[in-house]
Amino acid sequence: MPEIDALLNQVVPAAEAAVLAYGAGVLSRVQDETAGATVRLGQRILTRITSRGAEAEVDAVREAVQRIAEVGEDEDMRSLRRAELRIVLRDVLRNSPDLAAEFSALLPQPPAAHASGPRSVAVGGDNHGTISTGDGLPPR
């Protein structure tokens, strides 16, 4: 199963873009050919979740979508509503590993860490220690 937080980092912006482009009608709107790829992806994600049939989850997603649609230009409120959508989608994905895998397949894969040249360093994830490539530096 893909890591849910990493998946959410890609799913939430797409879902939010769809809501901001179409409002709460994103849940029932037919795909518009002029919409950007991110908006279409968000629309597909939201449509897939709301067509699954888990009533409590669908209601929570619809409510989060409605709240984002109503927020307007207030960036602080948009951040709050985005966090609420993230929490709702996190719960849906934790309860549906098959759906998380399906969404992972829809999303572009992040590039692998790459480094070249003398003393180059590539970190493919988080680093919690010191990385040193200089001459004569004491080890830490």
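Residues numbered from 1 in each chain as written. Predicted model: local features only at pLDDT ≥ 70, side-chain atom pairs only at ≥ 80, totals over all residues. Heavy atoms only, no water.

Chemist: Any details on helix H3 (residues 55–70)? Residues and values, ideally.
Modeler: Given a rise of 1.5 Å per residue, 16 residues ought to cover 22 Å, and the 22 Å separating the end C-alpha atoms of H3 matches this to within 8%. Against the buried residues of H3 lie helix H1 (4–22), helix H2 (37–50) and helix H4 (75–95). Where H3 ends, the next residue or the one after it, Gly-72, has phi of about 75°, a positive value. (Helix = DSSP H or I, 4+ residues; strand = E, 2+ residues; numbered from the N terminus. Expected span 1.5 Å × (residues − 1). Contact = heavy atoms within 4.5 Å.)

Chemist: Pulling in residues and values, what's your account of the packing of H1 against H3?
Modeler: If you want to describe how two helices pack, look at the angle between their axes and the distance between the axes. Look at H1 against H3: their axes get within 9 Å of each other, and the N-to-C directions meet at 55°. As the angle between them shows, H1 and H3 are arranged oblique. Crossing of H1 over H3 shows right-handed handedness. Contact residues: Glu-16, Val-19 and Leu-20 in H1; Val-65, Ile-68 and Ala-69 in H3. Class assignment of the residues belonging to the contact of H1 with H3 gives a composition of 5 nonpolar, no polar and 1 charged. (Axes fitted to C-alpha atoms, helices over the stretch in contact; angles between N-to-C directions. Parallel < 35°, antiparallel > 145°, perpendicular 65-115°, else oblique. Left-handed = near helix turned anticlockwise from the far one by under 90°. Nonpolar A, V, L, I, M, F, W, Y, C, P; charged D, E, K, R; others polar.)

Chemist: Tell me about a nonpolar patch on the surface, and please be specific about residues and values.
Modeler: On the surface, Val-121, Val-123 and Ile-131 cluster together to form a nonpolar patch covering roughly 220 Å² of accessible area. Tracing the backbone shows Val-121 in the segment after helix H5 (97–106). (Patch = residues over 30% accessible without salt bridge, like charges linked within 9 Å, V, L, I, M, F, W, Y side chains within 5 Å. Areas by Shrake-Rupley, 256 points an atom, 1.4 Å probe, with all protein chains shown as cover. Salt bridge = Lys/Arg side-chain N within 4 Å of Asp/Glu carboxyl O.)

Any link to function would need more than the numbers given here.
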